[in-house]
Amino acid sequence: MVAIPQDTAAPLPRPGRFGTFVRRNPTIFFGGLLLILLVAAALAAPWLTADPFRLSPVNRLRPPSERWWFGTDQFGRDVFARTIHGARVSLLVGLLVAVASAFIGLALGLVCGYFKRVDGIVMRVMDGLMAIPSILLAIALITLTRPGLAIVITAIVIPEVPRVVRVVRSIVLSIRAQPYVESAIAGGTRGARLLTRHILPNTLAPLIVQGTYVCASAMLIEAGLSFLGAGVPPEVPSWGNIIAQGRSFFQIAPWTILIPGAFLALTVLAVNLLGDGLRDRLDPRLARRM
Amino acid sequence: MSEAPSLEVRNLVKHFPIHSGLLQRRTGWVRAVDGVSFAIKRGETLGLVGESGCGKSTVGKTVLKLMEPSSGQILIEGTDVTHLAGGAMWPHRRRIQTVFQDPYSSLNPRLTAGTIVGEPLENFGLAKGSEKEARVAALFERVGLRPDAMNRYTHEFSGGQRQRLGIAKALSVNPDVIVADEPVSALDVSVQAQVLNLMIDLQDEYRLAYLFISHDLAVMRHISHRIAVMYLGRIVELADKRTLFSAPQHPYTEALLAAAPVPDPKRKKAGRVVLKGDVPSPAKPPSGCHFHTRCPYALPVCRQQDPPLIEVAPGHHVACLRRPAGGDPVPLTPTA
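Just so it is clear, the structure is predicted and the values come from calculations on it, not from any experiment.

Undergrad: Describe the interface of chain A and chain B, with residues and values.
TA: Across the boundary between the two partners, chain A contributes 14 residues, which contact 19 residues of chain B. Counting residues per element, the ones that place at least two in the side of chain A that touches chain B are helix 8 (179–186) and helix 9 (191–228) of chain A. Here the side of chain A that touches chain B takes 7 residues from helix 8 of chain A, the largest share from any one element. Counted by class, the side of chain A that touches chain B contains 6 nonpolar, 6 polar and 2 charged residues.

Undergrad: Requested: an account of the nonpolar core, with residues and values cited.
TA: Counting 143 residues, the largest nonpolar core has A:V97, B:L211, B:V229 and B:I235 as its most contacted members. Among the elements that line this core, the one with the most residues is helix 4 (residues 79–114) of chain A, at 15 residues. Other than its neighbours up to four places away in sequence, B:I235 contacts B:V36, B:F38, B:A228, B:V229, B:M230, B:L309 and B:A319.

Undergrad: Explain the environment of B:P285 residue by residue, including any values.
TA: Residue and element names in this part refer to chain B. For P285, the position within the fold is in the loop between helix 9 (251–259) and strand 11 (310–313). Measuring from C-alpha to C-alpha, the distance between P285 and G233 comes to 9.4 Å, with 52 residues separating the pair along the chain. Here P285 is in contact with R31, L232, P280 and H290, once residues within four sequence places are set aside.

Undergrad: Which residues make up the environment of B:R110, and what are the values?
TA: Residue and element names in this part refer to chain B. Structurally, the position occupied by R110 is in the loop between strand 6 (96–99) and helix 3 (113–123). You can call R110 partly exposed: it has 13 C-beta atoms within 10 Å. Taking the C-alpha atoms as reference points, R110 and H155, 45 residues apart in sequence, are found 9.4 Å from one another.

Undergrad: Give me the lowdown on the sheet that holds strand 12 (residues 316–318) of chain B, citing residues and values where you can.
TA: All names here are of chain B. Taken together, the 8 strands give an open sheet; going across it, the order is 6-7-8-3-9-10-12-11, and neighbouring strands pair in mixed fashion. Two strands close off the open sheet at either side, each with one partner strand: strand 6 and strand 11. Averaged over neighbouring strand pairs, the angle between their axes works out to 25° when direction is ignored. The sheet contact formed by strand 7 (residues 177–181) and strand 8 (residues 209–214) spans 5 bridges and is parallel. Bridge assignment links A180 to a residue of strand 8, and that residue is F212.

Undergrad: Lay out the packing of helix 2 (residues 26–43) of chain A against helix 11 (residues 255–282) of chain A in plain terms, naming residues and giving numbers.
TA: All names here are of chain A. Here helix 2 crosses helix 11 at 140°, and the two axes come no closer than 7 Å. Crossing of helix 2 over helix 11 shows left-handed handedness. Only L266, T267, A270, V271, L273, L274, D276, G277, L278 and R281 of helix 11 make contact with helix 2, whose side of the interface consists of T27, I28, F30, G31, G32, L34, L35 and L38. Classifying every residue of the contact of helix 2 with helix 11 gives 11 nonpolar, 5 polar and 2 charged.

Undergrad: Run through the pairing of strand 8 of chain B, naming residues and quoting values.
TA: Residues and elements named next belong to chain B. Burial analysis of strand 8 places 6 of its 6 residues in the buried class, which makes it a mostly covered element. Neither face of strand 8 is open: one carries A209, L211 and I213, the other Y210, F212 and S214, and all of them are buried. Where strand 3 (residues 45–49) lies against strand 8, 5 bridges are found, and the strand directions are parallel. Directly across from T45, in strand 8, lies its bridge partner Y210. Between the parallel elements strand 7 and strand 8, the chain passes through helix 6 (residues 189–206) in a crossover that is right-handed.

What counts, and at which threshold
- Residues numbered from 1 in each chain as written.
- Chains lettered and ligands numbered in written order.
- Predicted model: local features only at pLDDT ≥ 70, side-chain atom pairs only at ≥ 80, totals over all residues.
- Contact = placed C-beta atoms within 7 Å.
- Helix = DSSP H or I, 4+ residues; strand = E, 2+ residues; numbered from the N terminus.
- Nonpolar A, V, L, I, M, F, W, Y, C, P; charged D, E, K, R; others polar.
- Core = buried A, V, L, I, M, F, W, Y, C linked by C-beta atoms within 7 Å.
- Buried ≥ 20, exposed ≤ 12 C-beta atoms within 10 Å, placed from the backbone.
- Pairing = 2+ DSSP bridges.
- Axes fitted to C-alpha atoms, helices over the stretch in contact; angles between N-to-C directions.
- Left-handed = near helix turned anticlockwise from the far one by under 90°.
- Right-handed = clockwise from strand over helix to strand, strands pointing away.

Here you go:
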């Protein structure tokens with residue numbers, strides 16, 4: 001008799017739920033992780049870094065070293081401190097613009113998709129708004145008032161809203177034609193219940209995805225506005241401002257531009273990765289915005 | 001005939017505009033429904049049969065006022081609802097309910113079965129809270145579902161069970177009329193029979209009037225009392241089931257019946273009318289009788305004259321120039 005070898009091999013370790021999630025959604029994981037790190041750094045900035053406003057003329061334009069991780073600028077200010085503090089401005093602008101555009105866009109999109117009479121008028125107004133470049137609008141608004149965060153956000157939200165409205169409206173129109181919505185109407189469902197129970201839940205996933213794209217584009221526009229001096233006041237350390245101030249010393253102190261630039265690129269990448277991942281996961285039909 | 005019919009449709013027309021070109025100007029109309037009239041009594045089933053695209057579903061949606069009719073009249077229990085829009089139509093929706101074709105897309109995937117079935121009760125303020133729960137549970141039992149399935153989502157149900165949910169929902173507000181648009185065509189044959197028998201039982205119990213839309217003649221034969229045959233937006237023949245199946249008068253009905261498979265291998269194939277060509281576009285319906293382009297018995301006059309729907313025998317209406325009123329059903333000889 002030949003001894004049958006016992007199957008003593010331990011069962012293969014099964015990847016946990018978390019491992020499975022990471023393998024299936026690498027973009028959500030890496031985008032989300034990067035974003036969480038950036039947000040955590042931004043929130044902890046006062047404890048993590050030195051004072052971003054402290055001038056130290058003796059230590060002007062020092063290259064990155066152990067003492068100044070990202071070097072110093074032409075006034076001897078710590079670029080690391082300024083960059084991390086700059087993340088607060090960018091992330092705040094991105095978040096507020098995304099939330100504001102999503103809310104306004106959702107409301108208008110629902111109205112447009114639901115009431116055919118309003119649709120034509122509102123959509124033409126949206127087309128008009130979409131044609132306004134946010135940079136020009138911001139410059140115009142700032143010449144009328146004082147530069148500030150609120151003006152920057154307003155100037156970015158106005159041209160971003162139409163994009164959200166279009167997405168929401170097209171989704172509402174397609175959901176309205178769904179048999180289950182017709183069935184609900186035939187069953188006497190109307191008004192607020194039809195909207196909140198049957199139409200709204202299906203618009204949320206694409207809205208969140210669209211929100212991440214708006215957020216990424218808002219951060220880029222904010223940096224551009226600050227760079228041009230039409231954004232947040234120049235004394236506030238935002239990435240656009242840091243780059244603008246470092247511009248004249250680019251050849252001798254490239255770190256003053258490269259590092260905030262890299263952070264901007266990384267943040268936008270993180271948000272876009274997260275958005276792409278969420279889109280694939282939540283709503284594969286939604287075409288990527290240009 | 002003292003009481004008003006549960007559902008009456010008079011000369012219903014639904015035309016859809018065609019927009020084309022750079023300026024999206026209206027360049028024509030699709031005549032989906034082109035003058036359809038019928039009446040359904042309490043406890044009666046009228047079958048509406050026809051090929052795809054003949055306008056039978058449009059009739060259903062228009063009657064439900066999910067679409068505005070272009071012209072004509074719709075009366076529910078004698079009340080004219082043709083021009084009632086939005087809020088004015090709403091109280092009448094309780095009287096006319098619907099079972100949709102696709103049991104997969106006609107139930108909101110984000111809601112539980114109990115919520116879907118109980119929604120019309122909530123809408124019309126008929127029951128709330130625990131009373132609603134109890135009524136929904138009773139409805140579940142009535143349509144052959146376990147009441148404890150109320151908390152499940154619709155994807156957990158099979159096609160037949162979903163259609164039972166649709167029926168329970170339609171039934172929840174005690175309607176007079178149910179418009180059933182191909183309610184069983186997405187189901188397996190054995191399940192079809194169960195759902196049809198359930199619908200027949202419910203009809204007997206509640207004296208419901210059914211407008212039953214289908215392309216399936218076997219299903220029609222099972223459930224309908226009377227059958228209307230539609231071709232390109234018009235009713236070409238309307239008769240009670242027995243007459244229609246045994247002695248069809250319109251050439252199109254004849255061809256439709258001949259095309260349906262009969263499970264009898266010994267049946268003679270001779271004399272079968274087989275239609276040639278395709279259904280013309282409803283955007284450009286042929287002049288005169290819509291059917292003359294494919295009719296094997298067409299006369300020159302068929303190209304010019306619209307055949308009216310005339311009663312050739314009591315309760316038997318035919319729209320064919322070769323079938324004058326009172327004429328005997330003589331066999332026709334092909335003209336071409």
